[in-house]
Amino acid sequence: MRGIVWNGKEATVETDLTVRDIRAGEVRVRIEAAGLCHSDVSVLNGTIMFPPPVVLGHEGAGVVTQVAADVTNVKVGDHVVLSTLGNCGQCGACDRGKPTFCRQSLGKLSRPFCLGDQKVFQFANLGVFTEETVVKATQAIAIPDDVPLTSASLIGCGVLTGVGAVFNRAKVSHGESVVVIGVGGIGLNAIQGAALADALPVIAIDTNPTKETYAKAFGATHFLCPGPDDDVVEMVKEICPNGVDYVFECVGATPLIRAATDMLDWGGTVVMLGVPKMGSEASFVVNTMYNDKTIMGCRYGSARPQYDIPLMVRLYRQGRLKLDELVSATYDLADFQQALDELHEGRLARGVLTVQS
Ligand SMILES: NC(=O)c1ccc[n+]([C@@H]2O[C@H](COP(=O)([O-])OP(=O)(O)OC[C@H]3O[C@@H](n4cnc5c(N)ncnc54)[C@H](O)[C@@H]3O)[C@@H](O)[C@H]2O)c1
Ligand SMILES: [Zn+2]
Ligand SMILES: [Zn+2]
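Definitions and limits used
Residues numbered from 1 in each chain as written. Chains lettered and ligands numbered in written order. Predicted model: local features only at pLDDT ≥ 70, side-chain atom pairs only at ≥ 80, totals over all residues. Helix = DSSP H or I, 4+ residues; strand = E, 2+ residues; numbered from the N terminus. Expected span 1.5 Å × (residues − 1). Buried ≥ 20, exposed ≤ 12 C-beta atoms within 10 Å, placed from the backbone. Arc of directions from axis to C-beta. Near = placed C-beta within 6 Å. Nonpolar A, V, L, I, M, F, W, Y, C, P; charged D, E, K, R; others polar. Domains from an automatic or database assignment. Pairing = 2+ DSSP bridges. Right-handed = clockwise from strand over helix to strand, strands pointing away. Axes fitted to C-alpha atoms, helices over the stretch in contact; angles between N-to-C directions. Contact = placed C-beta atoms within 7 Å. Core = buried A, V, L, I, M, F, W, Y, C linked by C-beta atoms within 7 Å.

Here helix α9 (residues 305-317) contains 13 residues, and its C-alpha end-to-end distance of 18 Å stays within 8% of the 18 Å for a straight helix at 1.5 Å per residue. Buried within α9 we find P305, D308, I309, M312, V313 and Y316. Buried residues of α9 fall within an arc of 140° about the axis and therefore sit on the same side. Directly beyond the C-terminal end of α9, a positive phi value near 80° is found at G319.

See below:
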């Protein structure tokens, strides 16, 4: 089968990839659509260190084609959104509703794929830039058949991460002020999460002026496009002179984390969603933080996939959550490079690879 494999030097479209048989507790999923998240790009440029060879892609949806005898949560034919959390479902963290804290949820590398006689890893417990993958059954969350899989795929990372950061981590309340830095797939979902939470204002910031249309369509009340000589903190304070309640950093740049702390009102919170290069350090002026300010990290929107994925689908079906509008372009898997180029050019909310040949 076809798949995008990162070999440590380049990402190539392979045609003779295979995936191993399922084991107890696992399912096989035919991938129909897979979104291109910046975290995949970060593997290619070394920002995220992942051992090669690896099948990329971690934001996918498809159809269950095989289930192990002990699996009861999904059946063959179910449409599913895939979760990157390989959490165990049995530990204290899982039991208290914090699957992102489960020690099984991150860093347990598996190699279900083969290229010739070489075993190949799956990125982020998934590897969805290929025709079929094998995952834990708990990573496959059934959704209604009438939700287009191209749109549904984006729930698996961008939507859960951005909306989840607002709902689950920051817990933004109505009337609170929000800044979102970086209007990509993650930032747009933080914007629509903030709009759903009735935050006001919702100020979007991006250095690419074309992102204004997306930002406003997803609920931003203001769009700021700082040039190289502009002071983005001052630009925010022209709108909110005392600063804002929440800043979501959705780029992964340490100077922006510092700028985010300088944008906070007393009692305000920075939520770090962007992923800078491993080992990066950020700084802030300590005495600016004394007025009960907070800096928090947030992985995967602090999501509980079995709860949050169906919730996102319900909000979408009610017309309250935008998914179709996130899909700016679809590409055949073989056009992966074009999708990368158009992401870099800033043309996309999300680009989605349609995987089946
Ligand atoms: N915390 C998590 O669990 C999690 C999950 C997924 C992705 N991420 C990370 O989130 C980040 C964003 O991912 P994405 O898929 O939205 O990326 P993206 O490429 O779609 O969007 C990034 C946006 O940031 C903008 N930008 C770049 N430099 C900027 C600057 N100096 N000021 C303002 N805007 C700037 C770009 O123009 C672009 O619109 C990445 O670092 C990714 O690895 C984190
Ligand atoms: Zn992602
Ligand atoms: Zn667990």
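There is more to say after this.
Turning our attention to the site of ligand 1. H38, G182, G184, I186 and G252 are the nearest of the 31 residues found near ligand 1. The set of elements that each furnish at least two residues to the shell around ligand 1 consists of α1 (38-44) and α5 (185-196). Of the residues in the shell around ligand 1, the class split is 15 nonpolar, 13 polar and 3 charged. Both domains that meet at the shell around ligand 1, namely domain 1 (3-158 + 302-354) and domain 2 (162-299), each give it at least three residues.

The subject of this paragraph is the pairing of strand β13 (residues 202-205). A regular strand carries its side chains on alternate faces of the sheet. Burial along β13 is two-sided: the residues V202 and A204 and I203 and I205 are all buried. Inspection of the sheet shows strand β12 (residues 178-181) paired to β13 by 4 bridges, in the parallel sense. Bridge assignment links V180 to a residue of β13, and that residue is A204. In the classification by handedness, the crossover that spans β12, the intervening α5 and the parallel β13 is right-handed. When β13 meets strand β14 (residues 222-224), the two strands line up parallel, connected through 3 bridges. Bridged to I205 within β14 is L224. In the classification by handedness, the crossover that spans β13, the intervening helix α6 (residues 211-217) and the parallel β14 is right-handed.

With parallel pairing, 6 strands are arranged side by side in an open sheet as β14-β13-β12-β15-β16-β17. Strand pairing shows two members of the sheet lacking a second neighbour, β14 and β17 (294-297), which therefore form its edges. When strand polarity is set aside, the average angle formed by the axes of neighbouring strands in this sheet is 20°. Against the sheet, helix α8 (residues 254-262) touches β12, β15 (244-249), β16 (264-272) and β17, its axis set at about 155° to β16.

Relative to the 16 Å expected for 12 residues at 1.5 Å per residue, α5 spans 17 Å between its end C-alpha atoms, a close match to the ideal helical length. For α5, the full list of buried residues reads G185, I186, G187, L188, N189, A190, I191, Q192, G193, A194 and A195. One or two residues past the end of α5 sits D198, with phi positive at roughly 65°.

It is worth spelling out the nonpolar core at this point. Judged by nonpolar contacts, the single largest core of 112 residues is most densely connected at V180, I191 and A194. The element that contributes the greatest number of residues to this core is helix α4 (residues 158-170), accounting for 7 residues. Looking at this core, you find at least three residues from each of domain 1 (3-158 + 302-354) and domain 2 (162-299). Contact partners of I191, with chain neighbours within four places excluded, come to V180, V202, A204, A215, F218, G219 and A220.

Another point: the domain arrangement of the protein. Each domain of the protein was delimited in the assignment, giving domain 1 (3-158 + 302-354) and domain 2 (162-299). Look at where the C-alpha atoms of domain 1 and domain 2 centre, and you get two points 27 Å apart. The set of elements that each furnish at least two residues to the side of domain 1 that touches domain 2 consists of α1 and α9. Take the side of domain 1 that touches domain 2: its biggest share by element is 3 residues, from α1. Considered class by class, the residues forming the side of domain 1 that touches domain 2 number 8 nonpolar, 9 polar and 5 charged.

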